[in-house]
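So you can see what is in the structure, the chains are spelled out below.
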Amino acid sequence: MELAHSLLLNEEALAQITEAKRPVFIFEWLRFLDKVLVAANKTDVKEKQKKLVEQLTGLISSSPGPPTRKLLAKNLAALYSIGDTFTVFQTLDKCNDIIRNKDDTAAYLPTKLAAVACVGAFYEKMGRMLGSAFPETVNNLLKSLKSAESQGRSEILMSLQKVLNGLGGAAASCHRDIYKNARSLLTDRSMAVRCAVAKCLLELQNEAVFMWTAELENIATLCFKALENSNYGVRVAVSKLLGTVMATALMPKQATVMRQNVKRATFDEVLELMATGFLRGGSGFLKSGGEMLKVGGSVNREVRVGVTQAYVVFVTTLGGQWLERSFATFLSHVLDLVSHPRATQTHVEAVYSRRCVSFILRATVGSLLGEKAQIAAAKEICQAIGKQMKAVEAVVNDTSGENKSGAADIAASQHVMVCALQELGSLVQSLNATASPLIQEASIGLLETVTSVLLHPSMAARLAAAWCLRCVAVALPFQLTPFLDRCAERLNSLKTSPEAVSGYSFAMAALLGGVHQCPLGIPHAKGKMVVSIAEDLLRTAAQNSRLSLQRTQAGWLLLGALMTLGPSVVRYHLPKMLLLWRNVFPRSLKELEAEKARGDSFTWQVTLEGRAGALCAMRSFVAHCPELLTEDVIRKLMTPIECAMTMMSHIPSVIKAHGAHLKASAAMVRLRLYDILALLPPKTYEGSFNALLRELVAEFTLTDNSANTTTSLLRSLCHYDDSVLLGSWLQETDHKSIEDQLQPNSASGSGALEHDPSSIYLRIPAGEAVPGPLPLGVSVIDASVALFGVVFPHVSFKHRLQMLDHFAECVKQAKGVRQQAVQLNIFTAVLSALKGLAENKSTLGPEEVRKSALTLVMGALDNPNPILRCAAGEALGRMAQVVGEATFIARMAQYSFDKLKSARDVVSRTGHSLALGCLHRYVGGIGSGQHLKTSVSILLALAQDGTSSEVQTWSLHSLALIVDSSGPMYRGYVEPTLSLVLTLLLTVPPSHTEVHQCLGRCLGAIITTVGPELQGNGATISTIRSSCLVGCAITQDHSDSLVQAAAISCLQQLHMFAPRHVNLSSLVPSLCVHLCSSHLLLRRAAVACLRQLAQREAAEVCEYAMSLAKSSGDKESSGTNMSTATPLSSGKDEEFEKKDEMDDDTMFTTLGEEDKSKPFVAPRWATRVFAADCLCRIINLCENADQAHFDLAMARSAKLRNPTSKSSTSFPQSIF
C-alpha cells in the first residue's frame, strides 16, 4: 500500500499487482491524494497537473465503484481549484459526452455514474467559475434522468444538488426545469431515489422562490405522497424538506424577499397545510385543506409519522426565539390535532396521535427553549389545561341537555389533557430545582390546575394528571409529603365521588412510586396512613354500588404502591396484607361454586377487578420486598394464588352466563396471575403445572381469541446483533417513540397509562419518558409467553413433547394471516423456553422431543416472513446450545448445507445462511470447528450474489457471527474474507445500506480475530492492517449513520490492538463532529470511542478537541467542545450516562443547522450540574496529583526550576 502513496499514480506498481487488488490500490492512492492535495505546494501541483488530470480522467472509464468515484470526483475538483483551470471545460465536456452516451449496459453504468459524480463535484467546488457551461450540463443531466435506472437517478439527483449548491442564485434559469423533472421522482419505487430527490429539492428551495409561494401546496401534497410506504431514511429526508419549505414560506430569507415581490404565506395557512398531512395522509387530495379533512377513510401512519418529524424541523428551522413568541398559537394548533375526530377514530389510533403530538412538543419545547422560556411555556400549558377543564365541567354540569356534542367533547378533551399534562410533567422534571416559581407563584396555579384534572370523567386524563404530579414531586422533593397529605385529605372529603376516588388514588399511588427518586423520602408514618385509607376504601366498597368498582380498584392500587416503599415500611403491615389477600379469594371449591350461583354481572365485575388488584399488590410485594419472602410467607401467598388458578378454569362459564363485557376483567386477572407466578420459584406451584400450561398454551396459540393478536416480545428474545435483519435498530433512534407505531406486531408503539393503571407507581422502563404499558390483549400474551419460558425447564419430557406436537398442529390448522400470528407467538414462546433451559443449564430432552422441536423450527426457516426466519435461526442456535451434542449439531448443520447448495430462492438462502451463523454463535468455535470450512466457503459464495441484496445481507451477517464466535480458529480464513469485504465495499451501491452495515460488522469481527497481531511488521500482517484501514475509511465516508457507527467501532478495535496505526489527528475531530449528529446511534458510538481514546491518549484527545473548538467560532463547535467532557470523565456513573444520552439538550441539535444566527441557549440545570460535577472531579484529580496546583508559591518555584516543562502543573492554569 505504501507504493500507492505518491502524488502521481504509480502505474508500474499498479501493473505488477493482480487484477483483483487493483481497485484497492487505486482507492488507496485516491485517499492519499485527497489528503496531500490540500497540503501540497501549488507549484508542485501545477507542474504535475497535466499528468494528474490524465490519470484521473482515465480512471473515469475504468468502471470505478461508488467510494472510488466519489473520491475521484472530489480529487479532480480539488485539483482544478488548487491548480490551473485551463482544461476544466475540456474535462467537463468529456464527462458530458460520457453521460450522453446511449450505452445502457450494466458494464458501462459505473463509467456513466463516475462522470455524473465528477460534474457535481466540479460545480460544488468551483460554482460560478463554470457558469457559462451550466445550462448545457443541467439539460444533459435532466435528459439522462428520464431514462436512467435507480442508481443513475440517485447519482444524477445528487449531482444536481451539488450544481445548485455551487451556483446558488446564478442557476435561476434552470430552477423550474429541475423542479419539474425531480418532483415526480418523490414517489419513486426506489427509497434511495426518494431520499436523493428530497435532498435535491431542499437545496433548490434555498433560491427557488416559487417552491414556497405558488408551489407550496403542491410541494406539501408531493411530500405526503412520498411518505406513503416509505422507510425511515425517506421519512427523515422528506420531513426535512417539508419542514424547511414551510418554515421558509413563513419567514423567507431577507435577501430573497428583497430581490422579488414575494407574497408570504400566513401562519394559519402553513399550519393548515401541515395539519392536512397529519390528519388526512397522502392520497385522494382535494382542492382545499378544509375539504380534505371532511373526507372519511383511515390515516396513513407513515404519513403521520413523517409529518410529525416535519413539524419538529419546521419549528427548529424557525428557531427558539420564534417558538417563544408564537408558543401559544403553536400549542393550540398541535393540541387541536389530537382532539380532531380523524386523529382519534379508534383507541389505538388516538394513542398513536397522542404520541406524535407529545413528540412534537418534547422535541421543540424541550430542546429549543431556555429555562425562562420553558417556565413561560409551562404557564401557557397550564392555561390550556384550565381552559379544557372548564369546558369539560360545563358539559358535566349541564343538566338541561342543551349541549348535544358533550360526550364527544369530553372524549376529545382527554387526549388533549394527556398530551398537555405529559409535556408539563416533562418540562418540570427537566427544569428540576429551577421549576420552583411554577409552584410558588399563586397566579400560575399549576398545582390547582393539575389536581382539578384528577376529577376528569376520563381515566386517561386522571392518570396523566397523577403522572404530572409525580414529575413535580421528583423535580421538587420537598413538595412530596405535602402533596401526599393534600391528596389523602381530598380523598377522604370527596369519597362519595367516583372520579375523586379514582383520581386521588392514582395521584397517591404515583407519588408513592416516585419516592425512590427523591433523596428526602417521606416520613415513616405515611405508610400507615396509606394502609388505613386503602383498608377503608376496600371495607366500604360494598356499601354503595355506584362506588364499588372505583373503591375496590383504588384500595388495591394504593396497597400495590405502598409495596414500592420497600421492606422497611412493608414489614409492619405484612400480617394484615396476608390476611387481606387470603380473604379476597374463595377458600374452597364449594365457596367458588356458591359464588357462581349467586353473583350477577356487576358483582362479578367488581369481584374480578378486586382479585386482579389483590394479585397486582402481591406482585408488587414480591418485586419490591424480596427480603421478606421467607418460606412461610411464600406458603401463605400460595393459598390465594392457588385459589386464583382454580378460579381461572371456571371463568369461561361465568362469562357465558353474565356477558362478554367481563372478558376484559378476566384477562386482567390472568395477566396479574401470570406476572406474579413469573416472579416466584416454579417449585412452589409445580403441582399446578398441568392446568397452568393448558392456560398458557391456549393464551398464546389464540385458542379462545378470534383476534390475530401477536406478542411484542419476539424482537427482545432474538439476539441484539440481529437488529439489522429485524429492523429493531429503530428502537435506538431519537424517533423511537413515533417509529414504534410502524412496527408489524400487534399494537406496537401504542403504550398508554390507561392500559394498566398499576404502571403509575412502577419504575419507568429504560429509555421511556412516561410508562407505556401495551393494550391488555397484547400484555396478557406477553405475560403468558414469559411465564411459559420460566415453567418449561421444570416440566417433564412427556409434557414437553405433547406441547411441541400441539404447536405444530396449531400452525398446520391456522391459515393466512392467523397462521402468521399463531406462528409468531409460538416461536416467541419456544425461544423463551429455550432461553429458560439455557439459564437453568437443563437439557431439551430425549430424541423424540428434539425431533419434534427440530421439525417445528426447520419448517420456519423457509417462511416468507423475515421475522419468523430470524426467530427460527435463533431457536436453532439455542437448541444446539441446550442439547450440546456433536452429532445433533452436525445433523442440523448438514441439513442447512444441503439446502443452501440446492436452493435458488431468496427465502431459503437467507433462512439457512442465518441458521449456520446462529449455530456457531451459540455453540462457539470449538463446538462447531469441524463445520467451519464448509460454512465459510458457502457464505462467502452467497455474499457475492449481486442479484439479491437480501441474500448478501443475511449471508454477511451470518459470516460476521461465525468470525466473532470462532476466534483464533478463524485465522486461516481472514485473508479471503477480508478480500471479499473490501471488494464488496468498493462495488456494492451505497443505497444497499444493510449490506454495508453487515460488511462493517464483518470488518470489526476480523479485526478482533487478528487482535494484537495487528501490531506486527510482517508483510502479511501489514497487508491485513492496511486492508482494515482502507475498509474503515470506506465505511466512515458512507452516508448512512449505522455504517458510520460500524466504522467507528472498527477504528476503536484497531486502536486497542495497534494504536500507532490509527491517526488520531483526523479521528478525534470527526468524532467530535459526530457528537452533534442527529443520529443517536452515531452519538453513542462517538462517545464510546472517545472514552476509550481518552483513557489511553488523554493529552492528544484534549489537544485535538480543543484545536477543533478554537478553529470554529460558531455555536456548534463550542457545543462540541463541551460534549467532549462526557467521555473524558471516565469514572462517570452508568445511570448518569443513560440520562445524558437521552438529554433533551442533545436532541435534534443539527436540524436547521444552516442558520448560525440563532441565539445560543444558555446551559440548563442538568447541564450546569454536570459541568459542576466535572469541575469537582478535575479539582480532585489536580489536588491528588500535585499540591502546586493549589499553592501559588510552589507553582512559581516549579516554573522557575523548569521553565520549559509542559507538566500537568500548566494544565489547570488554562482551566481556572
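Please read all numbers here as calculations on a predicted model, not as lab measurements.

Trainee: What exactly am I supposed to notice about the confidence of the model for the chain here?
Mentor: Atomic detail in the predicted coordinates should be set aside for any region of low pLDDT. Here the chain averages 87 in pLDDT, and 91% of its residues register 70 or above. Note that residues 1113-1158 has pLDDT below 50 and, in this model, 85 contacts with residues that lie over four places away or in other chains. Residue range residues 1206-1216 is modelled with pLDDT below 50. Its contacts to residues more than four positions away, or to other chains, number 10 contacts.

Trainee: Before we go on, may I ask you to explain helix H52 (residues 1080-1096) in this structure?
Mentor: Since there are 3.6 residues in each turn of an α-helix, residues three or four apart along the chain are aligned in direction. Its 17 residues place the ends of H52 25 Å apart at the C-alpha level, agreeing with the 24 Å of an ideal helix rising 1.5 Å per residue. The buried fraction of H52 amounts to 12 of the 17 residues, a majority that puts the element mostly inside the structure. Taken together, the buried positions of H52 are Leu1080, Leu1081, Leu1082, Arg1083, Ala1085, Ala1086, Cys1089, Leu1090, Arg1091, Gln1092, Leu1093 and Ala1094.

Trainee: For this particular structure, what's the right way to read the packing of helix H3 (residues 42-60) against helix H5 (residues 88-100)?
Mentor: If you want to describe how two helices pack, look at the angle between their axes and the distance between the axes. Two elements in contact, H3 and H5, have axes whose closest approach is 11 Å; the angle formed by their N-to-C orientations is 10°. Overall, the two elements H3 and H5 adopt an arrangement that is roughly parallel. Within the contact between the two elements, H3 uses Val53, Thr57 and Ile60 and H5 uses Thr91, Lys94, Cys95 and Ile98.

Trainee: Hey, could you run me through the packing of H5 against helix H7 (residues 134-147) in this one?
Mentor: Contact pair H5 / H7: the axes reach a minimum separation of 10 Å and the direction vectors enclose 20°. Regarding the angle of H5 to H7, the classification is roughly parallel. When you trace H5 past H7, the crossing you get is left-handed. Residues Leu92, Asn96, Ile99 and Arg100 of H5 lie in contact with H7, whose contacting residues are Glu136, Thr137, Asn140, Leu141 and Ser144. Class assignment of the residues belonging to the contact of H5 with H7 gives a composition of three nonpolar, four polar and two charged.

Trainee: Teacher, can you tell me more about unusual backbone geometry here?
Mentor: Phi is mostly negative for residues that are not glycine, and the peptide bonds are mostly trans. Not every positive phi belongs to a glycine, and Asn432 is a case in point at roughly 55°. Tracing the sequence through the fold places Asn432 in the loop between helix H20 (406-431) and helix H21 (436-440). With a phi angle near 55°, Lys841 is a residue other than glycine that sits in the positive phi range. Looking at where Lys841 falls in the secondary structure, it is placed in the loop between helix H40 (816-839) and helix H41 (847-860).

Cut-offs and rules
- Note that residues are indexed from 1 along each chain, following the sequence as it is written.
- Under the rules for a predicted model, residues below a pLDDT of 70 receive no local features and side-chain atom pairs below 80 are neither given nor counted, while totals for whole chains, interfaces and linings still include all residues.
- Side-chain numbers here rest on the full set of heavy atoms in the structure, without hydrogens or water.
- A score from 0 to 100, pLDDT tells how confident the predictor is in each residue.
- Contact definition: two residues touch when any of their heavy atoms are within 4.5 Å.
- Helix and strand assignments follow DSSP, with helices taken as H or I runs no shorter than four residues and strands as E runs no shorter than two, numbered in order from the N terminus.
- To estimate the expected span of a helix, count its residues, drop one, and scale the result by 1.5 Å.
- A simple rule labels every residue: compare its accessible area, found with a 1.4 Å probe on the protein chains alone, to the largest value its type can have, and call it buried under 20%, exposed over 50%, or partly exposed in between.
- Comment: axis = line fitted to C-alpha atoms, over the contacting stretch for helices; angle = value between 0 and 180 degrees taken between N-to-C directions.
- Roughly parallel refers to an angle under 35 degrees, roughly antiparallel to one over 145, roughly perpendicular to one between 65 and 115, and oblique to any angle outside these ranges.
- Helix crossings get a hand from a simple test, with the near helix turned counterclockwise from the far one by less than a right angle marking a left-handed crossing and a clockwise turn marking a right-handed one.
- Classification convention: Asp, Glu, Lys, Arg as charged; Ala, Val, Leu, Ile, Met, Phe, Trp, Tyr, Cys, Pro as nonpolar; all other residues, Gly among them, as polar.

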